[in-house]
Amino acid sequence: MTATTLPAPSRRLPHGAAFWTTAAVFLAAMAFTTIPTPLYALYQQRDGFPTWVVTVVFAAYAAGVALSLYLVGHVSDWVGRKPPALFALGLEVVASVLFLLLPTVPVLLVARFLTGLGVGALTAAATAHLGELWRGAGGPRRPGVPAVVATIANIGGLGLGPLVGGLLAEYAPAPLVTPYVVALVVLVLAAVAVLVAPETVERSSRAWRPQRLTVPAEGRGVFSAAGAGVFAAFAIFGLFTSLAPSFLAGEFQQPSRLVAGVVPFAVFAVAALGQVFFTPVAVRVQLVVATVAMVVGLAGLAAGALVTAEWLFVAGGLVAGLGVGLLFRASLGIATGLVPAPQRGEVLAAMFLIAYVGLTVPVLLVGAALAFLPAVPVLVVFSAAIAVLAAVAGPRMAAKAAR
């Protein structure tokens, strides 16, 4: 693989402009993945399926992401950055059409799985493309910009999706149709933006193999703590992109689809902005703040459910969101710091696989429990378990960062 600045045909955008359009494409693609978040309660009302079905639909998405990351997440290193992005957007277009035409539970499962496959193909390619476009535009004087923009596009897009879905579901006609029509138009425009962006990787022939996963031979205890950190962080993300809107509608009798979208948006926004604003702060301090924020936030989440205080539930989610963002980034940094540079991609792949297991398994367990138990005690147990995991992982990594 050769990452370089290739000569751009006259019909291609300059690297500087393409950097920002690629960031917008990344943002839009990630936002599409969470547009259904505030709509799940509407599907439930229409079709009468129980809440645990929502967790299965959500798990199909997470399974698609994990599978795609393992099988094709790395192929942009030799086929180029643009083909995986176009492939991902194509899958999301197909998913949006399925949402529009056949919105039954089996088709929702297929659509969410296709969406996950697209995200897994896009994430690494778009992140790498942003860095190469920035260098091609003469941006080395501020080398940290691509990482910040990629973070905002990734996590910010995940937060933007519920907000857009909630707004359209609340105020536009046909709440289970309009969000996907808008998404379809945006995705087609995103594909055009990819087509006119310059390629930054020279295509090379290489035998395909699945992404190699590496667990460091030394420092496995610290790596385990980092893995527990990303698992806990993504478990919170999973809760707010799958069950939180249904919980708001059921336990708090909150009918607003806008509120159902605003709450996940706010949690993701706090996670993204926290990463940006805490960048100059020492990693050890970030881990301390992350651990405290997650424990306190999850306690507030559980307390809000117990006393039926919607404001406390939301406030707890926001505080936990700050901890999630900081814990996730610090965990990745700690894990990749355990190995030499050539192996860091393999360690990152292992960490993201753990993260998407964290996104899937806890939510599925919560869904299974909801089939037999009331929602409030299930949420309290979930909050306590994730808080314990964060309380163990954070200090262990902070001790490593202090050395």
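Figured I'd write up the structure that's included with this text. (Residues numbered from 1 in each chain as written. Predicted model: local features only at pLDDT ≥ 70, side-chain atom pairs only at ≥ 80, totals over all residues. Heavy atoms only, no water.)

Focus on the overall build of the protein chain
1) Next: When you go through the protein chain residue by residue, the secondary structure sums to 15 helices and two strands.
2) Next: Its C-alpha atoms give the protein chain a radius of gyration of 20 Å, within 12% of the compact-globule value 22 Å for 403 residues.
3) Next: Taken along its principal axes, the extent of the C-alpha atoms in the protein chain is 60 × 55 × 35 Å.
4) Next: By sequence separation, contacts in the protein chain at least 24 residues apart represent 85% of the contacts at least 6 residues apart. (Helix = DSSP H or I, 4+ residues; strand = E, 2+ residues; numbered from the N terminus. Rg over C-alpha atoms; globule rule 2.2 N^0.38 Å. Contact = heavy atoms within 4.5 Å.)

Comments concerning the pattern of salt bridges
1) Next: One pass over the structure, following the stated rule, counts four salt bridges.
2) Next: R81 serves as the salt-bridge partner of D77, at 2.9 Å between the closest nitrogen and oxygen.
3) Next: We classify D77 as partly exposed; its relative accessible area is 26%.
4) Next: With its nearest N and O atoms 3.5 Å apart, the salt bridge here joins R212 to E346. Here R212, found in the loop between strand 2 (201-202) and helix 9 (220-242), pairs with E346, found in helix 14 (residues 344-370); they are 134 residues apart in sequence, far enough to count as distant.
5) Next: Salt bridges linked by common partners bring D77, R81 and E132 together as one network. (Salt bridge = Lys/Arg side-chain N within 4 Å of Asp/Glu carboxyl O. Buried < 20%, exposed > 50% of the residue type's maximum accessible area, 1.4 Å probe, protein only.)

Notes on the environment of P255
1) Next: Within the secondary structure, P255 sits in the loop between helix 10 (244-251) and helix 11 (257-277).
2) Next: Along the sequence, P255 and V230 sit 25 residues apart, while their C-alpha atoms lie 32 Å from each other.

Here we look at the packing of helix 3 (residues 51-72) against helix 14
1) Next: At a minimum axis distance of 9 Å, the contact between helix 3 and helix 14 shows a crossing angle of 165°. Comparing the axis directions of helix 3 and helix 14 gives the class roughly antiparallel. The two elements helix 3 and helix 14 meet at a crossing, and its hand is left-handed. Residue-level contacts link T51, W52, T55, V56, F58, A59, Y61, A62, A63, V65, A66 and L69 of helix 3 to F352, L353, Y356, L359, T360, V363, L364, G367 and L370 of helix 14.
2) Next: A per-class count over the contact of helix 3 with helix 14 returns 17 nonpolar, four polar and no charged. (Axes fitted to C-alpha atoms, helices over the stretch in contact; angles between N-to-C directions. Parallel < 35°, antiparallel > 145°, perpendicular 65-115°, else oblique. Left-handed = near helix turned anticlockwise from the far one by under 90°. Nonpolar A, V, L, I, M, F, W, Y, C, P; charged D, E, K, R; others polar.)

Some thoughts on the environment of R81
1) Next: Looking at where R81 falls in the secondary structure, it is placed in the loop between helix 4 (76-79) and helix 5 (82-101).
2) Next: A relative accessible area of 3% places R81 in the buried class.
3) Next: Each C-alpha atom, one on R81 and one on R203, is 9.5 Å from the other, the two residues being 122 residues apart in sequence.
4) Next: A polar contact is formed between the side chain of R81 and the side chain of S76, at a distance of 2.7 Å. (Polar contact = N/O pair within 3.5 Å; in protein donor to acceptor, adjacent residues only side chain to side chain.)

Some thoughts on the packing of aromatic side chains
1) Next: Across all of its chains, the model carries 14 aromatic pairs by this definition.
2) Next: An angle of 70° between the planes, with centres 6.3 Å apart, marks the rings of F32 and F99 as edge-to-face. In this pair, F32 is assigned in helix 1 (residues 15-34) and F99 in helix 5, connecting sequence segments 67 residues apart.
3) Next: Residue classification places F99 among the buried positions, given a relative accessible area of 2%.
4) Next: On the basis of an interplanar angle of 5° and a centroid distance of 4.5 Å, the ring pair of F99 and Y180 is categorised as stacked. Remark: Y180 occurs in helix 8 (residues 178-195) and F99 occurs in helix 5; sequence separation between them is 81 residues.
5) Next: Geometry around Y61 places R112 over its ring, the cationic atom sitting 4.6 Å from the centre. (Phe/Tyr/Trp six-rings, centres within 6.5 Å; stacked < 30°, edge-to-face > 60°. Lys NZ or Arg CZ within 6 Å of the ring centre and 35° of its normal.)

Some words on helix 9
1) Next: Spanning 23 residues, helix 9 covers 32 Å between terminal C-alpha atoms, matching the ideal 33 Å at 1.5 Å per step.
2) Next: Here helix 9 lies mainly inside the structure; 19 of its 23 residues are buried. (Expected span 1.5 Å × (residues − 1).)

As for the side chain of Q275
1) Next: Position of Q275 relative to the elements: it lies in helix 11.
2) Next: For Q275, a relative accessible area of 4% translates into the label buried.
3) Next: Within polar-contact distance, the side chain of Q275 engages the backbone oxygen of G325 at 3.2 Å.
4) Next: If near-sequence neighbours (up to four positions away) are discounted, Q275 is found in contact with T151, I155, G325, L326, F328 and R329.

A look at the side chain of Q211
1) Next: Mapped onto the fold, Q211 is located in the loop between strand 2 and helix 9.
2) Next: Using a relative accessible area of 14% as the deciding quantity, one classes Q211 as buried.
3) Next: In contact with Q211, other than residues within four places in its own chain, are L69, Y70, H74, G345, E346 and A349.

Let's talk about unusual backbone geometry
1) Next: For A174, which is not glycine, the phi dihedral falls at a positive 50°.
2) Next: Along the polypeptide, A174 turns up in the loop between helix 7 (145-171) and helix 8.
3) Next: Of note in the backbone geometry, T308 takes a positive phi value of approximately 55° without being a glycine.
4) Next: Of note, T308 is situated in the loop between helix 12 (283-306) and helix 13 (310-336).

Describing the packing of helix 6 (residues 105-136) against helix 7
1) Next: Across the interface, helix 6 lies against helix 7 with an axial gap of 9 Å and an inter-helix angle of 145°. Between helix 6 and helix 7 lies a crossing of right-handed hand. For the pair formed by helix 6 and helix 7, the contact residues are T123, T127, L130, G131 and W134 on the first element and V145, P146, V149, A150 and N154 on the second.
2) Next: Of the residues belonging to the contact of helix 6 with helix 7, the class tally is six nonpolar, four polar and no charged.

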